[in-house]
Amino acid sequence: MLRFYCFFLFLCFCVGLQLVCSRHEPYVMRISCGARHDVHTAPTKTLWYKDFAYTGGIPYNGTSPSFIAPQLTTLRYFPLSEGPENCYNIKRVPHGHYSVRIFFGMVVEPSFDNEPLFDVSVEGTLVYTLPSGWSNHDDEHVFVETLIFLDDGTASLCFHSTGHGDPAILAIEILQVDDRAYYFGPDFGKGTIIRTVKRLSCSAQESMFDVDYSGDHWGGDRFWSSIKTFGQNSDRRISTKNSTKSTSKAPNFYPGSIYQTALLSTDNEPELTYTVDVDSNKKYSVWLHFAEIDPSVTSAGQRVMDISINGDTVFPAVDIVKMAGGVNSALVLNTTVPVSGRTLTITLQPKNGTHAIISAIEIFEVIIAESKTLLDEVRGLQSLKNALGLPLRLGWNGDPCVPQQHPWSGADCQFDKTSNKWVIDGMYVIELTLRYTSFYLYVSGLDNQGLRGFLPNEISRLRHLQSINLSGNSIHGPIPPALGTVTSLDTLDLSYNFFNGSIPESLGQLTSLRTLNLNGNSLSGRIPAALGGRLLHRAKFNFTDNAGLCGIPGLPTCGTHLTVGAKIGIGLGACVFVLLIATCITCWWKRRQNILRVQRIAARDAPYAKSRTQFNRDVQMARSYSQEHTRTAAENGPSLLT
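As the structure is a computational prediction, the values presented were derived from the model and not from experiment.

Caption draft 1: Inspection of the state of the cysteines at higher detail. With the rule as written, the count across this model stands at three disulfides. The partner cysteine of Cys401 in its disulfide is Cys413, sulfur to sulfur 2.1 Å. Because the sign of the S-S torsion sets the handedness, a value of about -85 degrees for the bond joining Cys401 and Cys413 places this disulfide among the left-handed ones. Of the two residues, Cys401 is situated in the loop between α3 (375-388) and β27 (412-416) and Cys413 in strand β27; the sequence distance between them amounts to 12 residues. Exposure remark for Cys413: the relative accessible area of 9% places this residue in the buried category.

The structure is reproduced here in structure tokens:
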């Protein structure tokens, strides 16, 4: 029995050890924008990676507008000539919950607008608009911080020009945090983003940044501004070095130093009141940090207070000692409130005891994350961008449809309720016309843009397209047959380009097609019969200025129409005939060469042949004489001599 218990304990120890060892370190990515080499910042020697191959833009010498940002000497700015949207696309980011911070910088050049104003989006959702005068603040104006779930393996951070200078980015920081960090209620999750609006360290004389060098690895160091400007009652402060133990309601990452100080109200003004400027008609998550570190309070019931936000009591009868489980223990209270005005006011009013107390305040804007564009259609547009060689001024970076305030120039979007994604339903322009949708003003297109290259087959990925206008460019090559699979296509204008080859038969499958302009190209061959038949159904087709087209009234008459198989048969027959003729000519040539060679040999041996013939003739004459002489002697009898 003892052996069994020992084995069981050993097994539990091994399993626990394996679980501890298998825990991966949180993902951390810090980028020094514009840096050509990795950088370490003092005093913690924090590593910031160079930003090679993440984005476009121009690296330049830069400076931080305040001490809050990392002390880096380079930045990357994005001139409008490179497009209105520019993005950092960071790949291989593990799925999880992240704190994303983007620091803004100033270009060290007198000719530059040293305070650019632009919009910032994270994963297609607009999260921040830089206000005028942001560079003169030592608070959250000089950077934007969001907490967001990343679940597609990438992090897309985009900067959108608004016509007031070129966006300039000093640094980017992506830190993985616990999945339940800053859980604020049922709306918390992958469909929401929270952005830091204000973080106050109560009773602090100066703003603090990167002071918690041994901070929790799941969150990293935080920025806490002082309440000297925002707190109305900052006369009495207390400070101690007591415990920073937190309750289960507290966020799981923050510097413990905020619980070592606290602000107490005064005898003249027993209430504590904070007023923070916010945007109207938005929802805010408020986090209030407490720790009873006042030596005069030793037990529950000695300090009780009501907490109200914009006049509504949200936390009645708060007893810090009772709720935190003792003195010198941390307590965090959280609530989410909608705000219709321009300010958010927090009031702490004591009920028992003479003073109110608080350690820190955090205010976050709750942002509903945008639905992104269907991934297959994004890839189709990216293939089209590469094939056409789109000019940089058009941008086409990030998500084509979101944020809705900054869609791609020349791409019209529609929300598909079935997939809960945005889709591309048009690439065209309406000249001299303002086109409104329920979300944005759209005036742009792809016609007369000097586009070159060719149309790729990947355009068929855009299966929700209803209209394409690429007229007046320099696009060449054949019309891709895959275009016939975009069955929703209503208008196709490819006029005045350099398209060649024949019109694909697949275009006849576009039963919704009402307008087709292919005039002004170099197309040839017979117009598909299905397209010709559509002219009888009030369709508007234009095939003029294509010298090689035929088959409908107004164009040259085509010859006998042959099927593809017949054309292949004729081609093969012609090849066989040519091969036969070549074989006959070769045989005749060989025979002729043999005859000529024999004649040359005969001409060369003529003297020898003549002498031999004369010799044979002499021998024959001698034999003939001998025979005749013998026959005469026999007839005349023996000679007298004999």
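There's plenty left to go through after this.
Caption draft 2: Layout of the nonpolar core. Grouped together as the largest cluster of nonpolar side chains are 51 residues, with contacts concentrated most on Tyr274, Phe290, Leu344, Ile346 and Leu348. Leaving out residues up to four positions away in the same chain, Ile346 has contacts with Leu272, Thr273, Tyr274, Val286, Leu288, Ile307, Ser308, Ile309, Ile361 and Ile363. Counting 45 residues, the second largest nonpolar core, distinct from the first, contains Leu72, Leu75, Val122 and Leu130.

Caption draft 3: The sheet that holds strand β34 (residues 498-501), seen in detail. Judged by pairing direction, the sheet is parallel, and its four strands sit side by side in the order β32-β34-β36-β38 without closing on themselves. The open sheet has two free edges, formed respectively by β32 (476-477) and β38 (548-550), since each of these has just one partner strand. Pairing analysis gives three bridges linking strand β36 (residues 522-526) to β38, with the strands arranged parallel. Among the inter-strand pairings, Ser524 is bridged to a residue of β38, identified as Gly548.

Caption draft 4: Examining the pairing of strand β14 (residues 192-201) more closely. Judged by how many residues are buried, β14 sits mostly within the fold: 10 of 10 residues are covered. Sheet topology note: the strand β11 (residues 143-150)/β14 ladder contains two bridges and is antiparallel. In the sheet register, Thr146 faces β14, and the bridge partner there is Arg195. Two strands pair when backbone bridges link them, and β14 and strand β26 (residues 360-368) are joined in this way by nine bridges, in the antiparallel orientation. Within β26, the position partnered with Thr196 by the bridge is Phe364.

Rules behind the numbers
- Residues numbered from 1 in each chain as written.
- Predicted model: local features only at pLDDT ≥ 70, side-chain atom pairs only at ≥ 80, totals over all residues.
- Heavy atoms only, no water.
- Disulfide = S-S within 2.5 Å.
- Helix = DSSP H or I, 4+ residues; strand = E, 2+ residues; numbered from the N terminus.
- Buried < 20%, exposed > 50% of the residue type's maximum accessible area, 1.4 Å probe, protein only.
- Core = buried A, V, L, I, M, F, W, Y, C linked by side-chain atoms within 4.5 Å.
- Contact = heavy atoms within 4.5 Å.
- Pairing = 2+ DSSP bridges.

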